[in-house]
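# Structure at a glance
Residues per chain, in single letters:
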Amino acid sequence: MTTLNPIFVRQIKELGIEENNRLADTLTGTAPSVSIRFNKRKNKCADSELVTSEAVHWLSDSGFYLDERPAFTFIPQMHQGLFYVQDASSMFIAHVIKQLVSPGNPVKYLDACAAPGGKTTAAIDALPDGSLITANEYDFRRASILAENVIKWGYPGTIVSRGDTRKFRKLRDEFDIIAADVPCSGEGMFRKDEEAVNQWSPNLVNECAERQKEIIDNIWHSLRAGGYFIYSTCTFNRQENEDMVNHILAEYDAQSVEIIINPDWGIVKSPLLPEGVFGYRFIPGRIRGEGLFMAVFKKAGEYTPKKEKESKKKVKTKSDAICTEVANRIVNPGNYELIGTKEKITAFPVAYSNDLKRLAQHLDIIHYGIPLATVKGKDFIPEQALACSTEINRKSFPSIDVNRDSALQYLRREAITLPEDTPKGYVLITYCNIPLGFVKNIGNRANNLYPEQWRILKKI
C-alpha cells in the first residue's frame, strides 16, 4: 500500500479543495482509470480489441474509458496512430482549445513541454485544419518519443524540436496559442507512479515552482498580442498552481480566461483564486482521472498579422522526374514544398515555409512535415512517416492487407510472407486496410522497413 509523506497529506488538507479530505485516501486506496483517445482524422479499425465503456465528459466524441487495461503494446492500431492512451483529465486541453479557436481559421500553436505527446496530439485534433503545430521537449530521449508519437498521429503540419525553452526568447510574437504542461512535483500521478511518491518533498515543490517561472518567462514573448496561454500541471499544491496564476497576472500583460464547463463533470473551479480569476482542478474521486490543474490567459493587445513574403517552392533533388514521382506519394502535392537533402526528401506545407525557416534558425528541429523518402543512391526508400500520414496517396504503392499475427510480426521487424503474385518493389502493408508500414519485395523475400527503434521488443 502506498504511504504518503505526512507533510503532503497535511498540505492538501489545508487547501480545502476536497470535501471530507478524501483525496489522500483516494490516492492510496483506489486504482487509476484507463482511457484512450481516438484519432479523429483516421478511420477506426473494425477488428478492435478495445472495449470502451463510457465517454469522457469533456471529450465525448473521441475520449473513452476502458474497464480493463489491455496489453496495448500488442494492439496494432496503437502503432498505426489510431488511438492514444491518455489520462482523461489531460484530454481537457482539447475542450479548452475548442473554445479558443474558430473553425476554418488555422492558427500557429506551440506545445512548449510536449513529451510524450498526449496533449500535443489532442491539440492537433482540436485545432482547425491547416494549423501549424510546434512541439518542443527539453529531454533528448523524451523528444524522440514525442517525435514518434507525433509522426504516428499523421498530421502533416507539425514541427518537433528539442532543447531548453530559452531558445524561444528570440522568437517574438510567433504563436497564436502556447501551451505549457510544465514539469512539476507530480502529486497528481501518485496513483500511477510510485517513484513520484518517493521523490516528493517540499524542496522539490520549491524547485519546480522556480523552474516553472523560468519556462513561462522564456516563452511569454513568443506569444502574439491577443493570443492565448494555457498553463497546466499534474500536481495539487497551491505553490505550483494558484500561486503561479497570480504570478502570471502580476508579471505579464495577461488576463484570466474562463472556460465553460458542465457542473456535472466534477471539475472544481479553484476556490483559492480571487473573484474573476479562473483555474480548474481535477481531483481523483470527484472525476474519473488523475490530478490536473489548468488555467488559461489572454495576452493583452491587438493582433497585427505579420507580412510574410510569398514562399517560392524549391526542390533540391537530383531530378525533376524523380521529384515528381516522390511528390505523387502524397495527395494534393501542390500544397507542399519538397525539401531535399542528400539523405531525405520531406514535404512541408507551403503556407508555412517561411515559418519553418525562421524556427530552424533558433530551434533544434528533429522532425517536420511528412518525410517522404530516404535517398540511397538512385533508390528512394519510402519513409515510415509517409505510411502514418493522413496525406499518403494509397494509389502510389501496391498494398497487402495482413491479419493481426502478421501485423505483430511486422511490428517486431520480423519477416512476413507475401502472396506469390505480390509485385516486386516497395509494398505498403496494411492492417484492417489502414497503413502499417512498408516492405521491399525482392522476390524470394521481403525486407521489413519498419524503423528499428520503434519495433516491439516485448513478447506476448
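Everything that follows concerns the structure shown earlier in this document.
So, how was this worked out
- Residues numbered from 1 in each chain as written.
- Predicted model: local features only at pLDDT ≥ 70, side-chain atom pairs only at ≥ 80, totals over all residues.
- Heavy atoms only, no water.
- Phe/Tyr/Trp six-rings, centres within 6.5 Å; stacked < 30°, edge-to-face > 60°.
- Helix = DSSP H or I, 4+ residues; strand = E, 2+ residues; numbered from the N terminus.
- Buried < 20%, exposed > 50% of the residue type's maximum accessible area, 1.4 Å probe, protein only.
- Pairing = 2+ DSSP bridges.
- Axes fitted to C-alpha atoms, helices over the stretch in contact; angles between N-to-C directions.
- Left-handed = near helix turned anticlockwise from the far one by under 90°.
- Contact = heavy atoms within 4.5 Å.
- Nonpolar A, V, L, I, M, F, W, Y, C, P; charged D, E, K, R; others polar.
- Core = buried A, V, L, I, M, F, W, Y, C linked by side-chain atoms within 4.5 Å.

## Comments concerning the packing of aromatic side chains
- This structure, assessed with the given rule, holds 17 aromatic pairs.
- Judged by centre distance (5.3 Å) and plane angle (80°), the ring pair of Trp58 and Phe282 falls under edge-to-face. Within this pair, whereas Trp58 is found in the loop between β2 (52-55) and β3 (63-66), its partner Phe282 is found in strand β12 (residues 280-282), the two being separated by 224 residues in sequence. Here the two residues Trp58 and Phe282 agree in accessibility, since each one is buried.
- Site record: aromatic cluster; members linked through ring pairs are Trp58, Phe92, Trp265, Tyr280 and Phe282.

## Things to note about the sheet that holds strand β20 (residues 425-431)
- Spatially, β19-β20-β21-β22 is the arrangement adopted by the four strands of the open sheet, whose pairing is mixed. For this open sheet the edge positions go to β19 (399-402) and β22 (446-448), each flanked by a neighbour on one side alone. The average undirected angle you get between the axes of adjacent strands in this sheet is 40°.
- Strand direction decides the pairing type here: β19 and β20, joined by four bridges, are parallel. Across the sheet, residue Asp401 finds its bridge partner in β20, namely Thr430.

## Looking at the packing of helix α4 (residues 92-100) against helix α5 (residues 118-126)
- For the pair α4 and α5, interaxial distance at closest approach is 9 Å and the crossing angle is 35°. In the crossing of α4 with α5, the sense of the turn from one axis to the other is right-handed. Contact with α4, carried on its side by Ile93, Ala94, Ile97 and Lys98, involves Lys119, Ala122, Ala123 and Ala126 of α5 and no other residues of that element.
- Residues belonging to the contact of α4 with α5 are distributed by class as follows: six nonpolar, no polar and two charged.

## Section: the sheet that holds strand β18 (residues 379-382)
- With respect to topology, four strands assemble into an open sheet ordered β14-β15-β17-β18, the strand pairing being antiparallel. The open sheet is flanked by β14 (336-340) and β18, the only strands paired with a single partner. Going from strand to strand, the sheet's axes swing by 25° on average, the running direction of each strand aside.
- In the sheet, strand β17 (residues 370-376) pairs with β18 via four bridges, with the strands oriented antiparallel. By the bridge assignment for β18, Thr374 is matched with Ile381.

## Let's talk about the nonpolar core
- Counting 40 residues, the largest nonpolar core has Trp58, Phe92 and Ile230 as its most contacted members.
- Counting only elements with at least two residues in this core, the list comes to α4, α5, β8 (175-181), β9 (223-233), β12 and β13 (292-299).
- Considering each element in turn, this core owes the most residues, six residues, to α4.
- Those residues in contact with Phe92, other than ones at most four positions away along the chain, are Trp58, Ile259, Ile261, Ile267, Tyr280, Phe282 and Met294.
- Listed in part, the 34 residues of the second largest apolar core include Ala112, Phe168, Leu223 and Tyr252.

No statement about biological role is implied by the geometric values presented.
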